[in-house]
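Chain residues, written in single-letter form:
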Amino acid sequence: MPAVYEVIMSMTQPYMLCEPPYLLIKLVCEKSDDTSLKKRKFIRYLEEYKEQGLFCRRPKLLTSERKKYYEAIRKKKMNTYILKNRESIERYGIMKQQKV
């Protein structure tokens, strides 16, 4: 998921409060091998985004339990991404150090 977000945001115009175009999100997510982007719930939310744009119909309060839950999901996905892409991450890190 972090890579998908990076791709989408790098291809989105840097206007303040800009919503990435629906088609861009759809195409990037279809090409991703992240299984959470193939679930019916995500697809339903993406269609809702297409029709209504960014909005929060019923905001949830961030409780400590929810925060732990979302942090655990983020950590798991990040670790999976790092394991799959360790070589390119290390190369990028080396390239970034050389530019400094």
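See above for the structure.
Throughout, a residue's number is its position along its own chain's written sequence, starting from 1. Totals for whole chains, interfaces and linings use all residues, but because this is a predicted model, local features are given only for residues with pLDDT of at least 70 and pairs of side-chain atoms are given and counted only at 80 or more. Heavy atoms throughout the structure, all of them, feed into the side-chain values; hydrogens and water do not.

**Some words on helix α3 (residues 40-52)**
To keep it simple, the criterion reads: Only DSSP runs of H or I with at least four residues qualify as helices, and only runs of E with at least two residues qualify as strands; both kinds are numbered from the N terminus onward. The span one expects for a helix is its residue count, reduced by one, times 1.5 Å.
The end-to-end C-alpha distance of α3 is 18 Å, a good match for the 18 Å that 13 residues give at a rise of 1.5 Å each. A positive backbone phi angle near 75 degrees is found at G53, which sits one or two residues after α3.

**Overview of the side chain of D34**
We count it as follows: Polar contact is defined as a pair of N or O atoms within 3.5 Å, subject to the rule that within protein one atom must be able to donate a hydrogen and the other to accept it, and that residues adjacent in sequence are counted only when both atoms are side-chain atoms.
Counting through the fold element by element, D34 comes out in the loop between α2 (22-31) and α3. At 2.8 Å, the side chain of D34 forms a polar contact with the side chain of S36.

**A word on the packing of α2 against α3**
Operational definition: As a rule, the C-alpha atoms of each element are fitted with a line to give its axis, helices using only the stretch in contact, and angles between N-to-C directions run from 0 to 180 degrees. Any angle from 65 to 115 degrees is called roughly perpendicular, while one under 35 is roughly parallel, one over 145 is roughly antiparallel, and all others are oblique. With the far helix as reference, a near helix turned anticlockwise by less than a right angle produces a left-handed crossing, and one turned clockwise produces a right-handed crossing. The contact criterion used is simple: two residues touch if any of their non-hydrogen atoms lie within 4.5 Å. Lys, Arg, Asp and Glu make up the charged group, whereas Ala, Val, Leu, Ile, Met, Phe, Trp, Tyr, Cys and Pro make up the nonpolar group; the residues left over, Gly among them, are polar.
Relative to each other, α2 and α3 sit at 160 degrees, their axes nearing to 10 Å. When the axes of α2 and α3 are compared, the pair comes out roughly antiparallel. Relative to α3, the crossing made by α2 is left-handed. When α2 is examined against α3, the residues Y22, I25, K26 and C29 are found in contact with a partner set consisting of F42, L46, E47, Y49 and K50. In terms of residue class, the contact of α2 with α3 is made up of six nonpolar, no polar and three charged.

**Some remarks on the packing of helix α1 (residues 2-10) against α2**
Here α1 crosses α2 at 145 degrees, and the two axes come no closer than 10 Å. Two packed elements cross with a definite hand, and for α1 against α2 that hand is right-handed. Contacts between α1 and α2 involve V4, V7 and I8 from the first element and L24, I25, V28 and C29 from the second. Taken together, the residues of the contact of α1 with α2 break down into seven nonpolar, no polar and no charged.

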